[in-house]
Amino acid sequence: MGENKTDDVSEQILNAVKKNSKGISATDMAAEVPELPSAELVGAINKLLQQGYLDIYKQDGALIYKIKNQSSKQVVKGADNEEKVVYNLIEEAANKGIWIREIRNQSNLTNPQLTKILKNLESKKLIKAVKCVNASKKKVYMLYNLEPDRSISGGAWYQDQDFESEFVDILNRQCLRFLHQRADKIKNNPRGPIVGRTQSYATAIEVQKYITDLGISKVKLEVEDVVTILNTLIYDGKAESTVYPDGSRVYRAIESLIPPPGLVQVPCGICPLIHKCSSTGLITPQDCKYMTEWLEQ
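Residues numbered from 1 in each chain as written. Predicted model: local features only at pLDDT ≥ 70, side-chain atom pairs only at ≥ 80, totals over all residues. Heavy atoms only, no water.

What follows covers the overall build of the chain. Helix and strand content of the chain: 13 helices and 11 strands. For the chain, long-range pairs separated by at least 24 residues make up 52% of all intrachain contacts whose partners lie at least 6 apart in sequence. Counting every atom, the chain has about 18,500 Å² of accessible surface; 52% of that belongs to carbon and sulfur. (Helix = DSSP H or I, 4+ residues; strand = E, 2+ residues; numbered from the N terminus. Contact = heavy atoms within 4.5 Å. Areas by Shrake-Rupley, 256 points an atom, 1.4 Å probe, with all protein chains shown as cover.)

Set out below in structure tokens:
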């Protein structure tokens, strides 16, 4: 009887964790199963961790629980050697994925064999095909439960491989607004203009918090996303940055003396993949549809 109760508790916890693919804290888990006493909940969680059903991570200072990836076990059971090889190649590629051509070259499988194996793994929801933001006709394969790397998805600026220009414009205006508010707040500082100038600077983390508090973004913006926007303000002559002695970079609004040059209007100015762009490779100006659209305007 006691064993059945333990199994029921474990099932309740697993169901609560499964509802949250990005993970769940112990506090949120307790809210999902309020009928469980805290001591019983902690004991069941520890048992599931020991049995290998849950993984534990630290995120923003809190412990987060996720369902342990069982894909490896699933693919080994009943799989032939070719399927295992393909799965392992995709697993090694992590969240950057791997092209079908690379899988074929490394596995020495024929096109019909590889196509059949990939379809089989996709049908089991062990892997998935993801379109590259820089080349919509090309797909890479990665494990089903992984979030694509920013170089594949494009990060916060892309939705379903489409560049969210309106979203970027809104963020641009709001970041500039925050910097102006900071500058206006310390005008006529009684401690003098030098102190006032120093206090008019803001860090990217402060700007990120402001944008987050506004609630205008449906996706979580990382600090590097905000830095990208702040850099466009610098290119437009609307802001400047400096580095403090402690190594932190700060930003402040400035009054533009001349209109921004046309160069800063090129899509490259706000592209999060600019550092990966070159004349050869996955990301090139020749294959960039946003550059093509801009040239046709």
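Another point: unusual backbone geometry. Non-glycine residue A94 carries a positive phi angle of around 55 degrees. When you line up the elements, A94 lands in the loop between α5 (81–93) and β4 (98–99). Of the residues examined, A94 reaches a relative accessible area of 33% and is grouped as partly exposed. Even without being glycine, K125 reaches a positive phi, approximately 60 degrees. Looking at the secondary structure, you find K125 in the loop between α7 (111–123) and β5 (127–132). (Buried < 20%, exposed > 50% of the residue type's maximum accessible area, 1.4 Å probe, protein only.)

Ordered by their spatial adjacency, three strands build an open sheet running β9-β11-β10, and the pairing between neighbours is antiparallel. In this open sheet, the two edge strands, each paired with only one partner strand, are β9 (202–203) and β10 (239–243). Its contacts with the sheet place helix α9 (residues 165–185) against β9, β10 and β11 (249–253), and it is angled at close to 85 degrees to β11. (Pairing = 2+ DSSP bridges. Axes fitted to C-alpha atoms, helices over the stretch in contact; angles between N-to-C directions.)

Our focus in this paragraph is the nonpolar core. Counting 20 residues, the largest nonpolar core has C175, L179, V207, I211, L230 and L233 as its most contacted members. For this core, the elements supplying multiple residues, two or more each, are α9, α11 (204–214), α12 (223–235) and β11. Tallying contributions element by element places α9 first for this core, with seven residues. Sequence-distant contacts of V207, defined by excluding residues within four places in its chain, comprise C175, F178, L179, A202, V226 and L230. (Core = buried A, V, L, I, M, F, W, Y, C linked by side-chain atoms within 4.5 Å.)

The next subject is the environment of L233. Within the fold, L233 resides in helix α12. You can call L233 buried: its relative accessible area is 0%. The spacing of L233 and R252 is 19 residues in sequence and 9.9 Å in space, taken between C-alpha atoms. Residues in contact with L233, not counting those within four places in the same chain, are N172, C175, L176, L179, K238 and A239.

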